[in-house]
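Architecture and fold: a report
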Amino acid sequence: ISGLVDDQTVSRFGHLFYEELVKGWDIPDGVTVTLREIPDAIVGNVVWIEVNDEIVFRDKVGTRMEGIEEKAQVARSALEIYIQQNKEALKDLGGY
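Owing to the predicted nature of the structure, the values given are computational and were not obtained by experimental measurement.

Quick word on the pairing of strand β3 (residues 45-51)
Burial within β3 is extensive, with seven of its seven residues counted as buried. Direction of pairing for strand β2 (residues 32-38) relative to β3: antiparallel, over a ladder of six bridges. Its bridge partner lying in β3, E37 is registered against V47. Taking the residues between adjacent antiparallel strands as the criterion, β2 and β3 are bridged by six residues, where G44 takes a positive phi near 95°. The pairing of β3 with strand β4 (residues 54-62) spans seven bridges and is antiparallel. Bridging across to β4, W48 finds its partner in R58.

Structure below.
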């Protein structure tokens, strides 16, 4: 099984963020990425991303479409850096 991204977002903004995050990305084998969201009408929706249960990215996506693509690209970069830096630990967990 290749890597898995579990979309646990609840709003259309969160789902759009997820779609932008995974578009064209080959998730490494054995890596589980979970995308979570808390809707907040005052500060905007907050998303965070976990890799094997460790939070590696957190940000507000707001309640407008503008900027979601860029934030997803920033999140993917953060994930790729985290995965690269933690290859050995991920191997020990049976992944990568």
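More follows now that the structure is in view.
A word on the pairing of strand β1 (residues 4-8)
Here β1 runs beside β2; their pairing, made up of five bridges, is parallel. What sits directly across from D7, in β2, is L35. Crossover β1 to β2 through helix α1 (residues 12-22) is left-handed.

A word on the pattern of salt bridges
In the structure shown here, the tally under the stated rule is three salt bridges. Residue E50 pairs with R36 through a salt bridge whose shortest N-O separation is 3.1 Å. Taken together, the residues span a long stretch of sequence, with E50 in strand β3 and R36 in strand β2 at a distance of 14 residues. Owing to a relative accessible area of 10%, E50 belongs among the buried residues under this scheme.

Regarding the sheet that holds β3
Strands sit in the order β1-β2-β3-β4 across an open sheet of four strands; the sheet is mixed. Each edge of the open sheet carries a strand with a single partner, namely β1 and β4. Ignoring which end each strand starts from, the neighbouring axes of this sheet average 15° apart.

Some details on the side chain of E37
Examined against the element boundaries, E37 turns out to sit in strand β2. Despite its burial, E37 remains without a salt bridge, the nearest opposite charge being carried by R12 at 9.7 Å. In this structure the side chain of E37 is engaged in a polar contact, spanning 2.7 Å, whose partner is the backbone nitrogen of V10. A polar atom in the side chain of E37 sits 2.5 Å from the side chain of S11. Those residues within four positions of E37 in sequence are excluded, and the remaining contacts are Q8, T9, V10, S11, G14, N45, V46, V47 and W48.

Details of the packing of aromatic side chains
In total, this model carries one aromatic pair according to the counting rule given. Summarising the aromatic geometry, the rings of F17 and F57 are spaced 6.4 Å apart at their centres and angled 15° between planes, so their arrangement reads as stacked. Of this pair, F17 sits in helix α1 while F57 sits in strand β4, and the two are 40 residues apart along the sequence. Of note, R58 hangs over the ring of W48, and the distance from its end group to the ring centre comes to 5.3 Å.

Calculation rules
- Residues numbered from 1 in each chain as written.
- Predicted model: local features only at pLDDT ≥ 70, side-chain atom pairs only at ≥ 80, totals over all residues.
- Heavy atoms only, no water.
- Buried < 20%, exposed > 50% of the residue type's maximum accessible area, 1.4 Å probe, protein only.
- Helix = DSSP H or I, 4+ residues; strand = E, 2+ residues; numbered from the N terminus.
- Pairing = 2+ DSSP bridges.
- Right-handed = clockwise from strand over helix to strand, strands pointing away.
- Salt bridge = Lys/Arg side-chain N within 4 Å of Asp/Glu carboxyl O.
- Axes fitted to C-alpha atoms, helices over the stretch in contact; angles between N-to-C directions.
- Lys, Arg positive; Asp, Glu negative; His and termini not counted.
- Polar contact = N/O pair within 3.5 Å; in protein donor to acceptor, adjacent residues only side chain to side chain.
- Contact = heavy atoms within 4.5 Å.
- Phe/Tyr/Trp six-rings, centres within 6.5 Å; stacked < 30°, edge-to-face > 60°.
- Lys NZ or Arg CZ within 6 Å of the ring centre and 35° of its normal.

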